[in-house]
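The lines below spell out each chain.
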Amino acid sequence: MAGHASRINTVPSAPPALVTSTRLRETVAPAAGSTPKLAMRGIVKYFGSLLANDHVDLTVVPGDIHAVVGENGAGKTTLMNILYGLIHPDEGEIVIDGQLVHIRGPRDAIAAGVGMVHQHFQLVRVMTVAENVVLGQEPGTIQLDMRRAVNDVRTLVERFGLVVEPTARIDTLPVGLQQRVEILKILYRGSNLLVFDEPTAVLTPQETDELFEILRGLVAGGKTIILITHKLNEVMAVSQQVTVLRQGRVEGVLETARTSPPEIARLMVGREVLLRVERDAPHLGEVSLELRGVQAHSDRGLPALEDVRLQVRSGEILGIAGVSGNGQLELAEVVAGLRHMTGGQVLIGGRDVTTETPAERRAHGLAYIPEDRRVDGLVLPFPVRDNLILGSQERAPFRRGWQLDNQAISQRADDLIERFDIRPPRRDALASALSGGNQQKVVVARELADQPKVLVAAEPSRGLDVGATEFIHQQLVAQRDEGLAILLISSELDEIFSLSDTIAVIYRGRILEVMPSASADRERVGLLMAGGMAEEALPTAAQIAAAAAEAARAAGAGARGESGKGGA
Amino acid sequence: MNLIGILAGVFARPDLWAGTLRFATPLTLAALGGVISERSGVVNIAMEGMMLVGAFFAVLAAAATGNVLVATLVSVACGGLIASVHGVASIQFRANQIVSGMAINLLALGLTSFLLFHFYSLSGTPPNIPALPDITLPVISTMPFVGKVIGTMNIATWLALLAVPVTWWFLFRTTLGLRIRAVGEHPRAADTLGVNVFQMRYLCVILSGLLSGLGGAYLALGVAHSFTDNMTSGAGFIALAAMIFGKWHPVGAFLACLLFGFGSSLGINLQGSGTGIPDQLISATPYILTVIALAGLVGRSTAPAADGTPYEVGE
Amino acid sequence: MSVATAPLEAPRGRILRFFAAGITPVLAVVLAIIVGGLLVLATGGNPIVAYQQMIVGAVGTPFDISETLISSIPLILAAYAVSFAFRCGLFNIGAEGQLYMGAVASTWVATTLSTWPGPPLIALAMIAAMAAGAAWAAIAGFLKARTGAHEVITTMMLSYVAIDISHWLLEAGPMTPANAYGTPESGPIPTQAYFPVILPSSILANARLNISLFITILAGVVFAWILWRTPLGYEIRAVGLNAKAAAYGGIGVASRMVIAMAIAGAFAGLAGMAPVWVQHRLYDSFSPGYGYEAIAIALVGKNSAIGIFLAGLLYGAMIHGSVAMQANANISGYLVEILQALVLFFVGAEMLTRWIIRRGGLRAVLEAAG
């Protein structure tokens, strides 16, 4: 089973201590006589006065999986967007296979053999797999030849083992399969240099392993891969070289085999970074949040939660582990009062709040950090101070008689900015002017301000860099120590393991198992997240690896280097 | 005579049904234009204005040249021209598409009234301008009831009926249609695959203008044989509602236009037929029907995902 | 990436930003005037004379000024109606119908209770106007909140219905006066219910400007006060800017939408009452399109109480001035409608306006505007 192969790939789970030795950075020069697949030289890109790429060089050896890492805002996505022609550099040049290329747009990039699998899938959800794959290079002149399109896609599916049904609509596919469609898109265009932007953000550990096998298979088939990621254990697992970016500059180029996650993290952040939060044993109190037999539907009317039974005590962090899309969103909304339940009860501090509105639940001690701060958590055109009282505007001291008490609001704002170290560019700045980390701090500050009893935190560190994540995690643990009960929902297993006292795994709207985190086995959790058992007859990692080895042997003999058949 | 009896009598009149098709003609043309435009992601509430402008210039050109074909082409072109203004503002300059659309409607209203006064001040438009011809089907027009309904229909009505399957084929069976729909749902995805988002949107907005202009030409040269202030009276908005009611699908929009055309026709036919409801209130029928349709019977219909959102290249 | 906290912006900076915010609407007006002038030229008129006549006609004499103010009042009130809804994220383009309902309701009250004493009758008529406008607008708000029905279409449709209702009432219904001939009109408003005129005829003969001017100013104050000083206004603005985040923060989005539309409709109701109280009776089709012009005014005034007031004055001046323009320069009054639409267009296509101005070389002006 997949578990076996992954054991080789995971980093030892004990938290690395602070780095005590400094390593020399090693720059790797290409072996003499071999042309790099890609050389980006001296790339400079300004966004207004922000220098996103500061004379960045990137050299990729053919047949490598080359990782590009950095915090948010480090410039890695900008660099790749330049490579793909979505934006134009202010200076610098791009050389592919030894030829200087001018990439003015995605069409040029595609013609130069570059293909990009985006972090946020660029898929038209209401169209089929085949339609998405052929878009822009459709068979047929005026009339669309769908039959040929479907056949072409099927051929690719079989050749590379990316099993997916060409006539299926995207919105019926689980996320792991949607990603395969993204890969098919670039293979359809004959790309040889494949760029993957944070591909594992939405995958289970097993799907991640399968993806890595697919990557290895693609390399065996003659492709070169660039992997953009901030997950250090993945860098260690699958890449040969790593380029580390920080604040737009290249901080180092390392050989994966000769480095370690702490060293990479240090280059990414510029200082020592705790990769795990220090945490005492919890002091548990009364049950603060309870869900009894909760049932709910998704937006599309399908069952999203079935018979959910959970308890979170005061002073406890309960982490819900699961792949996005298994009911977490609905769970959070049901607790917050934003979604109607078709059955069951929600109790806060022993009080049945099932029929209460969100405002009433907040009054009874509920706080909520939503998944998407820009869309759900903040009113971006409002100033920071107004965002800090969102939800409390009807209450004293912010309301005096019929009016708002601006002085009280300002005082609260100053207090929270101080306590949570929020840094707006100007004191009365709008929320939209803040960095992602500071925006999240505003949401966190607001929710924690009134000493709630229960906090629902959904993806609290999504999109945040290591430094901001560290801060948020510390805040959550500190509040937990003061008696707050936290329901933590995260698709990042690291975050779950790092913060939770208790772990519950959700799969297709059901809680499969609840276990104390201290004794939880990461492998087992990963398996549960995927449903416990593999349900479809997907090719296993071992089978794909075997097929890739076959292909490599065939490639050695053939001229084109593409395998005749791959996959199961 | 009770209401049911009156209604039954009215329903039996072929003119009710013929009128439905007549009212539905400009609605269909405009609604199909709206479907095309919004499928590519550009909200177009300026169809009212484009129809009005089309109507006016149809009359002007017809009076000037005496040739109905030229006049129709002129009005179609004017619709396209106005649409391209909306397009430039919305696509290139990322204006708020609803504001831009409203501005064009108001501009069309003012401009056509201004020019009407300027060219034809007190007398109104000339009486004998060439008209869009009716087409009489040889055998069918002699049949009872049905003959009176579809036996003699204006050429524009035939064009509208033809436009429905053509639009369907265009959007759902051609490569261009696939790209247009992708641009309307997920412009970024299309852009990353090399599809020119701006080009697709301009094309669709202009097409919607051409169709609306044709609708206006029909109103002026096929029905009223003249131009009066604000002669569209909300038809463009009803077409918009039909588009939504029809879930942005050519056939659905057409059926909705038939429904709303029926409402208008019913209104006309009920006037003076002894229902006891005052005429002024009966003429509100199509509008009330539209509100009810939007509110209740449709459920939530979903626009193309990127509808109304200006597209910015890069990030 | 983040900077240490800085002190609040200096007062001078805020005044500068206030003026900078006004630049785009001003530029839009300038562009509209230019394009309108070209149209006049193209149809054989003299734009300079036309505009000159318009200005003289608007503010040439004290009487003209008072008439301009009278023209502005319903525009300003209707623009508050459009703008208040817009603050909640709703496009209220049906202000026309709402103001008709307000006119009808207030007239009906005044003519039916014609024996009542003055002040309570005026008060009741005003309440009736606001209630009728509020109720009519709330229908669309309710439909949007409950069913998602797009308010652009529903308010427009309801507008037509309201106008049809008013036609019926005056032509064939209960408000038709007994001896009707010519343009349908209601019975007269009883004299004790007239709004007092501001300037007695000893100062300005035949002046019609009445206390509705003060009512309008008060409306502006109320508009700003609700939006910026009350929790309700905060919630309405939050819903308008990000309904999802507002919901997540516990705000009842549906109820706020309905309330916002109702308040907007109340403003519109007053807008309908004002012209009736100037002419002292309700005439059929009395509105030259106040509700539609209001849309442009709301946008040109950038949805702020003061901005709308100023923009409304400008539009009122254009309308009143066009009377003289028609008489003396022989340009059709429709030019004003065209100008208004152009202004709306250029304000809406803000970046287009800036692009044109940039081509015209006023880059420095734009830098200041930010």
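Data block above holds the structure.
Predicted, not measured: the structure shown is a model, and the values here were computed from it.

Enquirer: Talk me through the overall build of chain C; I want residue IDs and the actual numbers.
Expert: Along chain C, the regular secondary structure elements total 15 helices and 0 strands. Counting across all 370 residues of chain C, residues that qualify as buried make up 55%. Looking at chain C alone, contacts between residues at least 24 apart form 76% of all its contacts between residues at least 6 apart.

Enquirer: Report on the sheet that holds strand 9 (residues 241-246) of chain A, specifying residues and quantitative values.
Expert: The pairing of strands in a sheet comes from backbone hydrogen bonds and takes either a parallel or an antiparallel form. All names here are of chain A. Read across the sheet, 6 strands follow the order 6-7-8-3-9-10 without closing on themselves; strand pairing throughout is mixed. The open sheet terminates on both sides in strands that have one partner only, identified here as strand 6 (114-117) and strand 10 (249-255). Along the sheet, successive strands turn relative to each other by an average axial angle of 20 degrees, direction set aside. Where strand 7 (residues 193-197) lies against strand 8 (residues 224-229), 5 bridges are found, and the strand directions are parallel. Bridging across to strand 8, Asp-197 finds its partner in Ile-228. Here helix 2 (residues 76-83) sits on the sheet and contacts strand 3 (65-69), strand 6, strand 7, strand 8 and strand 9; the angle it forms with strand 7, its principal contact strand, is near 145 degrees. Relative to strand 6, helix 6 (residues 175-188) is tilted by about 170 degrees, and along the sheet it contacts strand 6 and strand 7.

Enquirer: I'd like a description of the sheet that holds strand 1 (residues 38-47) of chain A, backed by residues and values.
Expert: All names here are of chain A. Spatial strand order, 2-1-4-5: 4 strands in an open sheet with antiparallel pairing. Since the sheet does not close on itself, it has two edges, and those belong to strand 2 (50-60) and strand 5 (99-101), each with one partner. Across the sheet, the mean angle from the axis of one strand to that of its neighbour is 30 degrees, orientation sign disregarded.

Enquirer: Break down the nonpolar core for me, with residues and values.
Expert: With 400 residues, the main nonpolar core has Ala242(B), Ala78(C), Ala81(C), Ala294(C) and Leu344(C) as its most contacted residues. Here this core gets 16 residues from one element, more than from any other, and that element is helix 10 (residues 253-279) of chain C. Discounting chain neighbours no more than four positions away, the residues touching Ala242(B) are Leu27(B), Ala31(B), Ala253(B), Ala256(B), Cys257(B) and Phe260(B).

Enquirer: Explain the packing of helix 5 (residues 118-147) of chain C against helix 10 of chain C residue by residue, including any values.
Expert: Residue and element names in this part refer to chain C. Across the interface, helix 5 lies against helix 10 with an axial gap of 6 Å and an inter-helix angle of 145 degrees. Of the two elements, helix 5 crosses helix 10, and the hand of that crossing is right-handed. Classifying every residue of the contact of helix 5 with helix 10 gives 24 nonpolar, 5 polar and 2 charged.

Enquirer: How would you explain the interface of chain C and chain A if you had to name every residue and give the values?
Expert: In this complex, chain C contributes 24 residues to the contact, which on the side of chain A involves 31 residues. Counting only elements with at least two residues in the side of chain C that touches chain A, the list comes to helix 8 (231-241) and helix 9 (243-248) of chain C. Considering only residue class, the side of chain C that touches chain A consists of 14 nonpolar, 6 polar and 4 charged.

Enquirer: Go over the interface of chain B and chain C with me, naming the residues and quoting the values.
Expert: On the chain C side, the residues contacting the 38 residues of chain B number 42 residues. Contributing elements (two or more residues each) for the side of chain B that touches chain C: helix 5 (97-120), helix 11 (235-245), helix 13 (279-282) and helix 14 (285-297) of chain B. Tallying contributions element by element places helix 5 of chain B first for the side of chain B that touches chain C, with 14 residues.

Enquirer: Go over helix 5 (residues 146-160) of chain A, please, and point to the residues and values.
Expert: Since one α-helical turn is 3.6 residues long, residues separated by three or four positions face the same way. Residue and element names in this part refer to chain A. When the terminal C-alpha atoms of helix 5 are compared, their 21 Å separation across 15 residues agrees well with the 21 Å that a helix rising 1.5 Å per residue should span. Residues of helix 5 that are buried include every one of Ala-149, Val-150, Val-153, Val-157 and Phe-160, and no others. Within helix 5, the buried residues cover an arc of 110 degrees as seen down the axis, which keeps them to one side. Residues Arg-147 and Thr-155 are exposed on helix 5 and point more than 90 degrees away from its buried face. Check the buried side of helix 5 and you find it contacts helix 4 (129-134) and helix 6. Immediately downstream of helix 5, the backbone of Gly-161 shows phi near 70 degrees, a positive value.

Criteria and cut-off values
- Residues numbered from 1 in each chain as written.
- Chains lettered and ligands numbered in written order.
- Predicted model: local features only at pLDDT ≥ 70, side-chain atom pairs only at ≥ 80, totals over all residues.
- Helix = DSSP H or I, 4+ residues; strand = E, 2+ residues; numbered from the N terminus.
- Buried ≥ 20, exposed ≤ 12 C-beta atoms within 10 Å, placed from the backbone.
- Contact = placed C-beta atoms within 7 Å.
- Pairing = 2+ DSSP bridges.
- Axes fitted to C-alpha atoms, helices over the stretch in contact; angles between N-to-C directions.
- Core = buried A, V, L, I, M, F, W, Y, C linked by C-beta atoms within 7 Å.
- Left-handed = near helix turned anticlockwise from the far one by under 90°.
- Nonpolar A, V, L, I, M, F, W, Y, C, P; charged D, E, K, R; others polar.
- Expected span 1.5 Å × (residues − 1).
- Arc of directions from axis to C-beta.

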